[in-house]
Structure formats: structure tokens, C-alpha cells
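Summary of structural features
So the chains spell out like this:
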Amino acid sequence: MSTKFLFKNAQLQDGTFADIEVTGDLISAIGVGLLSEGAEVIDSTGLIALPGFVDLHTHLREPGFEQSETVLTGTQAAAMGGYTAVHAMANTSPVADTAGVVEQVAALGREAGYVDVLPIGAVTVGLEGKQMAELGAMANSKAKVKVFSDDGKCVHDPVIMRRALEYVKAFDGVIAQHAQEPRLTEGAQMNEGAVSAELGLAGWPAVAEESIIARDVLLAEHVNSRVHICHLSTAGSVEIVRWAKARGIKVTAEVTPHHLLLTDELVRSYNAVYKVNPPLRTQKDVLALREALIDGTIDVIGTDHAPHPIEAKDCEWNAAAFGMLGLETAASIAQEVLIESGKSNWARFAEVMSTKPAEIAGDVEVGQELEIGSVANIAFIDPAAKRTIVAESASKSINNPYVGMQLPGRVLHTVYRGYLTVRDGVLASKGRN
Amino acid sequence: MIRNLLSGGDLSRDQAIEILDVAEGMANVNDREIKKLPTLRGKTVVNLFFEDSTRTRISFELAAKRLSADVINFSAKGSSVSKGESLKDTAQTLEAMGADAVVIRHSASGAANVLAHSGWINGAIVNAGDGTHEHPTQSLLDAFTMRKRFHGSASQGKDLSGLKVAIVGDVLHSRVARSNLLLLNTLGAEVHFVAPPTLLPANASNWNATLNYSLDDVLAREKPDVVMMLRVQAERMNASYFPTEREYSRIWGFNADRLKQLKPNAILMHPGPMNRGLEIDAISADSPQSTVLEQVANGVSVRMAVLYSLLSGERASDVN
């Protein structure tokens, strides 16, 4: 006898209200006034039910950097954030550039049982940008890799980038580019602008991102392939992607929660919790990114969840690591930008947090609309809640730039393949298996 | 009074003038036969240098010793600085040993701020140069030197209102330029930066200064009272900031011809050490208008005044 839940009276993304019945790992009924015999009833009045979130950009750090995060703790953080799938970036040690490593990461994800862990393969061997990794072997492995990225590093050699874009067409893959011209960003520490001039920190100019995006959308057009731009951070990048989409180029774009909320003014504290790559930009950039997320120029929110141990941040700025946490706060920031602003709606929220990332990655069992027969991956949000962010969380690390801030909304329940990984805001002590 | 000295912008006009006035008194001590005051007896000052700078270190050391403080020189260069934690570990070690003031020199911009706001250490923090950010005691000694030259024995209580200061050279990477900009703004002087476009920030919109490419234009147009030449660091020369040293010297270097264009009472400053023949020629450097050696002497007086202001009396508990 499989488990059965009845979530009563939740609001759906289109604004209507319904009961959702989950039997085993599937959604078995959706409707008003359902009477599910033998089901455990969970009153969901006041909650929004959305397709479980899908992150296209997560650093789980295992293998190799288990002092920062493990697949278990990272996926627990994901579940707390309403996620039911994460795409694990390749910059582990060893690098996820072979079928063996991606299969290992996927297996660790299954063992943990909190979300689907979908490994991203490296584009080049060792992320060194010199020789293409065995993309076909990773695509044909049990991990079925479709997304490839050297994230953390840019595939800067135009010939390698062109070949990779062409090659992944063989298995409908996509290259996710970390757009950063390396020569223009040697030693770069923060956004190049008025604040970097004052602080005496080496600048990371917007043009270093925009020039690579411009090149890559043209390459994608030339070879008729798909390119996904990771963590867009500047107003100029938005303009280029908008132009490319209007031209019919197959480009998709991602923005991180932190680039939607935080600016380089925070760097004045020299607190390395604000050190991230690409760097926090200006208010003008934040506004352009928000607008682009709302109008569809930017397709998805990807967290770039990047855990680091305390010692990597508790030091002088130049010595600190780049990156910040994101999985447990992303939905609140999406709510701030899309809902609290009054400029968008929950249907768009579901697109940017769930269905579109799954579509870009070619995922089959995650990011499905809430329909009868869909895999039961559901996030229940209490949109009326306000929470003050604290450092302690499910993640193993505490490099969280939002500590002390008040953010709207809270993930109350997360249903992962019919199993409550989070219930009433509390993480299940065991995963699904 | 202030708790730490991290930036040339930390001081209000009155606070800055007070430090300069105290430095006048310290300068008198330095002219005596017995160059020592008992003011900081029993206090410990640590010179924490993560980067070599013999001149700055001995200037602080002399300043602390003339005030009878105990001085410890801690050279952390060559240790595992790149590991990051060493700044924290070092700070906590010094705290455990009871340092009353830490004078820190570090290659990372913001290192002094991190030390001051980390909670690792309670002692007063003096920024003796952090990366390409600031060097506030240099700006104080420069202001002291200007005031002395322009107001002489009537310097007490005066600011630098009306002075036009041209700061010339690698502004982009210069901590001297940043600290001087802030302190000179506070004291009422006008700042005109002159540099090749490659050595100015891409966006200086928050700076209260003019940005110029031509030294000759600024000399002709502004008739500056002060020309401050910045040192060109060797690592800039091979990074395409300018084509050759000769070309730099020709366009942005100070030389005998340009010296002739200065007003008779104008002064020529350099924070040292000079690259003679590059940013300044020997005739200019050794001319009566050059204040290079006065700056060195004044550095000791100003640093005495800073240590005195930070360490005499009860330590304020509020965080600056």
C-alpha cells in the first residue's frame, strides 16, 4: 500500500484553489473538494503550490571539497528551499569530466534522497579550457548528462567553444557558459566602477562578461546550437541577450538571486561574504536584471549556491574565496522580485524556478506542471510569512550574505517524488530511500 | 577622539587639524637634544608588516619610541599569508599578548578595515598602507608639510583652504592618492589628478577632483601650489599601462623645464622612494622647492601625533 497525501485547499500558480492528491510518487488527483480515502490530510490553506524547484546551477562540492558541502547537506539545503532537483556543477575534485565522476555524483544524490541530483559535465578536461572532455561518454552514461559547463572558468578559447557548441548537438546537449574574459579580469576582485575606484580593489569590468556573451550568441547562431548563459550580471548583458533572442538565436539566460538583490555598495565593508563571481554590480544592473526576468529575456533563476568553509571568508578580501549560499533563500528573493514588486505573478515564478530550467536541461521527471500523472514534486510556499535570515541552515557552510535581512515567504513543505522532505518547515531526518 | 585610523576620510576637519597641531608640538620635541616624551610609557605598539616597507616601519618605530612606548616589529612577510587565516591568527596572537596599537601594512586593500572590524583584536588599528587603497598617515604628513610651507610658524589651527594640489602619476593603484584626496577635500584644498588614462580609474564619479591627462595643461591652467609626484611601480612597466619609461617620463615626469613653470612659492612633493629619472629628475628632486626630506622628517612627528591621539587617555568603547 503506497502512501497517500491530500493537500487541501492550496492556491495554484494560476490563482485558483484546489486539493492535490499524491499517491506513491505521482499526483493522482487535483480538484475541488476531493475526498481521498485513506489519505493523510494536510491543510494547505493560505499556501501556494508550485512545481518543485529545479536549480540549474548548484555547487555541491563533493567529491573533493567536503569541508564546504556534501551531496547530502547540499541537497538537504535544496529541499529546505523548495527544490526537488539540482544540477551539480562540475568543478569538483576530481573534476566531473568523465562518465565515472558524473555517475558517482548522481549515485550520491540517489543515496541522499532529498532531490534529484543531475550532474553537469565539464566542457574541457580539468576545466582547463584546452581539450574537450568526453562529452559523449557523459551523455551516454547512467547520469545522462545534457548540460555541460566549465563554470568557475570561462570557455574562453573561441575554437573550443565553437566545437563544443557543435558537438553537443549530437545528443541535444547545451553548453552553459561562465562568461568571463580571462585577460580582462586578471586579479579582479569586485565590479569595476565608482566603488572599486574608492576601495582600491582591482575591477571586474562589465565588458569582460558582455564581450564573451556577444561572441557566444554569434557562435551559437553560426553553428545553429544552443547556448545557456550562466549568472548574467550586467545591464549590458541583458541588452545582448535581448538582441540575440529577437534575432532567433537559441540562447537562454540565468540570473542568480544575489544579482537580483545586492549591489557593490556592500563591498565597502570589505566583508568577504559579499565576494562572488561575477561580482555584485550596481543598482542600475539590478534593475535591468529584474526587468529582464519579468519580461522573459532572462529565462531562469539559478542559485550559484557556492558554499565555502569559514576560513575561506574570515580573512582579507583578496585572500577570500568567491561565492555565496543561495538554495534556502532563492524562493524568497524570487517572491520579492516577482510578487512583492507587484510586477509579475506565480505562473512566472513557477517558470523561472522550475519548468524552464528543466526544459533548458532536457530533464524529464522534474519541473513538470502540477497535473494528474505528473511526478509529485511540489513546493508549498507560505507567501505571507516574513523571516529574518540566520546563519544556521541545512547547508554545511555559513557564507550567507542575507543574514540579518528580512525576506518574504517561506517554504513550508517540499514534496519530492511523493515524499515529504520538508514538512512544516522542518527537514525530514531521512531522505526518500 | 578617534579609535582607529583607517582612512584619510576618517577624520573631520577639526580632528585633522587637532592631529596636525599636536604634530607641531611633536616636531618641537624632535628638535630637542633629548628627543623623548614619557607619554606612552607602558603601552605596546606592534608594527605588523605583511609587506616590506623599511621607511614606513622605521618612521612608526621612531615615533612610538620617542613617546616611550614599547615597540615590537612583526614581519609576517613570507609566512603563509596566502592561506588567508594568518591575518586572523596573527591578530589574535597579538591580542593575547596585549598590544595597545597595531600598525598594519598589508598588500590587500581593506586589510586594516578587516582587522579593525573583525572583533579579533581590541587595540587601536593604524593603517600603514593597505594594497591599492589608502595610506592615511602619509596624507597627514603631506598635509602637515603643505601647511608648514604655506603658513610657517602660524600653522596652528589652520586648514589648507585655497591650495591647489596636482597629484601626478599612477593614481589608479596609489594609496597615497586616495588618502590625500579625502584628507585634502576635508581640509579645503582643491585636488587635480594627472595621469595617463590607463592609470586613472575607469569610473571616478565619486571623487571630488578633476581628472587630467596633460601635466603641462594643468601646470599652465591651474598654477598649482603643490605638485605631488607618485611613484611608478615596477610592475606597471610591463603591463601595457604605458609604452615605455622614456615616453612616460617625457609626458608625465617632472623635470627642470616644468620646474621653471612653477610659481616661486609652489612646492614639489614625493612620498618616496623616488625613481629618479622616471617620474622625477634629479634637478627637481634636489631643488629648494622639493619637500622630499621634510616629508620624511614630518612623518615621524605626524605619526607621533597619531599614536598619541589613539593611545593617550581612556580607550573609547564605541566602534569607529
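Since this is a predicted model, take the numbers as computed values, not measurements. (Residues numbered from 1 in each chain as written. Chains lettered and ligands numbered in written order. Predicted model: local features only at pLDDT ≥ 70, side-chain atom pairs only at ≥ 80, totals over all residues.)

A few words now on the overall build of chain B. The helix and strand tally for chain B stands at twelve helices and nine strands. Its C-alpha radius of gyration of 19 Å places chain B within 12% of the 20 Å reference for a compact globule of 320 residues. Across the 320 residues in chain B, those meeting the buried criterion constitute 50%. When contacts within chain B are restricted to residue pairs at least 6 apart in sequence, long-range pairs at least 24 apart make up 77% of them. (Helix = DSSP H or I, 4+ residues; strand = E, 2+ residues; numbered from the N terminus. Rg over C-alpha atoms; globule rule 2.2 N^0.38 Å. Buried ≥ 20, exposed ≤ 12 C-beta atoms within 10 Å, placed from the backbone. Contact = placed C-beta atoms within 7 Å.)

A separate point is the domain arrangement of chain A. Residue and element names in this part refer to chain A. For chain A, the domain assignment lists domain 1 (4-48 + 375-427) and domain 2 (52-361). Domain 1 and domain 2 are separated by 26 Å when their C-alpha centres are compared. Taken together, the contacts link 29 residues of domain 1 with 40 residues of domain 2. Every element with two or more residues in the side of domain 1 that touches domain 2 is listed here: β16 (378-388), β17 (406-416) and β18 (419-423). Top contributing element to the side of domain 1 that touches domain 2 by residue count: β17, with seven residues. Counted by class, the side of domain 1 that touches domain 2 contains 17 nonpolar, ten polar and two charged residues. (Domains from an automatic or database assignment. Nonpolar A, V, L, I, M, F, W, Y, C, P; charged D, E, K, R; others polar.)

Residues and elements named next belong to chain B. Read from one edge to the other, the open sheet built from five strands follows the order β7-β6-β5-β8-β9, with strand pairing classed as parallel. For this open sheet the edge positions go to β7 (210-212) and β9 (267-269), each flanked by a neighbour on one side alone. Across the sheet, the axes of successive neighbouring strands diverge by a mean angle of 20°, strand direction being ignored. As defined by bridge partners, strand β5 (residues 164-168) adjoins strand β8 (residues 226-229) across four bridges and the pair is classed as parallel. Bridged to Val 168 within β8 is Met 229. Seen against the sheet, helix α6 (residues 175-186) touches β5, β6 (190-194) and β8 and runs at an angle of roughly 155° to β6. (Pairing = 2+ DSSP bridges. Axes fitted to C-alpha atoms, helices over the stretch in contact; angles between N-to-C directions.)

Turning to helix α7 (residues 215-222) of chain B, a few remarks are in order. Because an α-helix completes one turn every 3.6 residues, residues spaced three or four positions apart along the sequence face the same direction. All names here are of chain B. Residues of α7 that are buried include every one of Leu 215, Val 218 and Leu 219, and no others. Along the axis of α7, the buried residues cluster in a sector spanning 100°; they form a single face. Opposite the buried face of α7, by more than 90 degrees, sit the exposed residues Asp 217 and Ala 220. Against the buried residues of α7 lie β5, β6, β7, α9 (245-252) and α10 (256-261). The first or second residue beyond α7 is Lys 223, which carries a positive phi of 45°. (Arc of directions from axis to C-beta.)

Quick look at the interface of chain A and chain B now. With 20 residues of chain A at the contact, the number on the chain B side is 25 residues. Tallying contributions element by element places helix α5 (residues 194-199) of chain A first for the side of chain A that touches chain B, with four residues. Here the residues of the side of chain A that touches chain B sort into eleven nonpolar, four polar and five charged.

Let us now look at the environment of Gln 368 of chain A. Residue and element names in this part refer to chain A. Assignment of secondary structure puts Gln 368 in the loop between α11 (346-361) and β16. Sequence separation between Gln 368 and Glu 209 is 159 residues, and the spatial gap between their C-alpha atoms is 32 Å. Excluding residues that lie within four positions of it along the chain, Gln 368 makes contacts with Pro 51, Ser 374, Val 375 and Asn 377.

All names here are of chain A. Taken in spatial order, the three strands of this open sheet run β6-β7-β8, and their pairing is parallel. Looking at the sheet topology across the chains shown, the edges are occupied by β6 (53-58) and β8 (116-119). If you compare each strand with its neighbour and ignore which way they point, the axes differ by 20° on average. Pairing between β6 and strand β7 (residues 83-88): four bridges, direction parallel. Note on β7: the bridge partner recorded for Thr 58 is Ala 88.

This brings us to the packing of helix α1 (residues 13-30) of chain B against helix α5 (residues 136-151) of chain B. All names here are of chain B. Relative orientation of the contacting elements α1 and α5 amounts to 70°, with a least axis distance of 10 Å. As summarised for this structure, α1 and α5 are arranged roughly perpendicular, according to the angle between their axes. Between α1 and α5 lies a crossing of right-handed hand. Here α1 contributes Ile 19, Leu 20 and Ala 23 to the contact with α5, which in turn contributes Leu 140, Ala 143, Phe 144 and Arg 147. (Parallel < 35°, antiparallel > 145°, perpendicular 65-115°, else oblique. Left-handed = near helix turned anticlockwise from the far one by under 90°.)

Before going further, it helps to spend a moment on the packing of α5 of chain B against helix α12 (residues 292-311) of chain B. All names here are of chain B. It is the contact of α5 with α12, at a shortest axis distance of 8 Å, that shows an interaxial angle of 115°. Crossing angle aside, the handedness with which α5 passes α12 is right-handed. For the pair α5 and α12, the contacting residues are Thr 137, Leu 140, Leu 141, Asp 142, Phe 144 and Thr 145 in the first and Glu 294, Gln 295, Asn 298, Gly 299, Val 302, Arg 303 and Val 306 in the second. Grouping the amino acids of the contact of α5 with α12 by side-chain chemistry returns five nonpolar, five polar and three charged.

In the segment running from Glu 62 of chain A into Pro 63 of chain A, the intervening peptide bond is cis, with an omega of 5°. Within the secondary structure layout, Pro 63 of chain A lies in the loop between β6 and α1 (71-80). Residue Pro 273 of chain B is reached from Gly 272 of chain B by a cis peptide bond, and omega for that bond is -10°. The topology assignment puts Pro 273 of chain B in the loop between β9 and α11 (282-285). A positive phi angle, close to 55°, is found at Tyr 270 of chain A, a residue other than glycine. Here Tyr 270 of chain A is to be found in the loop between α8 (257-261) and α9 (283-295). The buried category is assigned to Tyr 270 of chain A, around which 27 C-beta atoms lie within 10 Å. Even without being glycine, Arg 417 of chain A reaches a positive phi, approximately 50°. Residue placement: Arg 417 of chain A occurs in the loop between β17 and β18.

Its 16 residues place the ends of α11 of chain A 22 Å apart at the C-alpha level, agreeing with the 22 Å of an ideal helix rising 1.5 Å per residue. Remark: Gly 362 of chain A follows α11 of chain A within two positions and exhibits a positive phi of approximately 70°. (Expected span 1.5 Å × (residues − 1).)

Another aspect to go through is the pairing of strand β3 (residues 101-106) of chain B. Residue and element names in this part refer to chain B. The element β3 is largely enclosed, with a buried count of six among its six residues. Both faces of β3 are covered, namely the face carrying Ala 101, Val 103 and Arg 105 and the face carrying Val 102, Ile 104 and His 106. Across five bridges, strand β1 (residues 44-49) lies against β3 in parallel orientation. Within β3, the residue paired with Phe 49 across the bridge is Arg 105. Of the pairings in the sheet, the one linking β3 to strand β4 (residues 124-130) comprises five bridges and is parallel in character.

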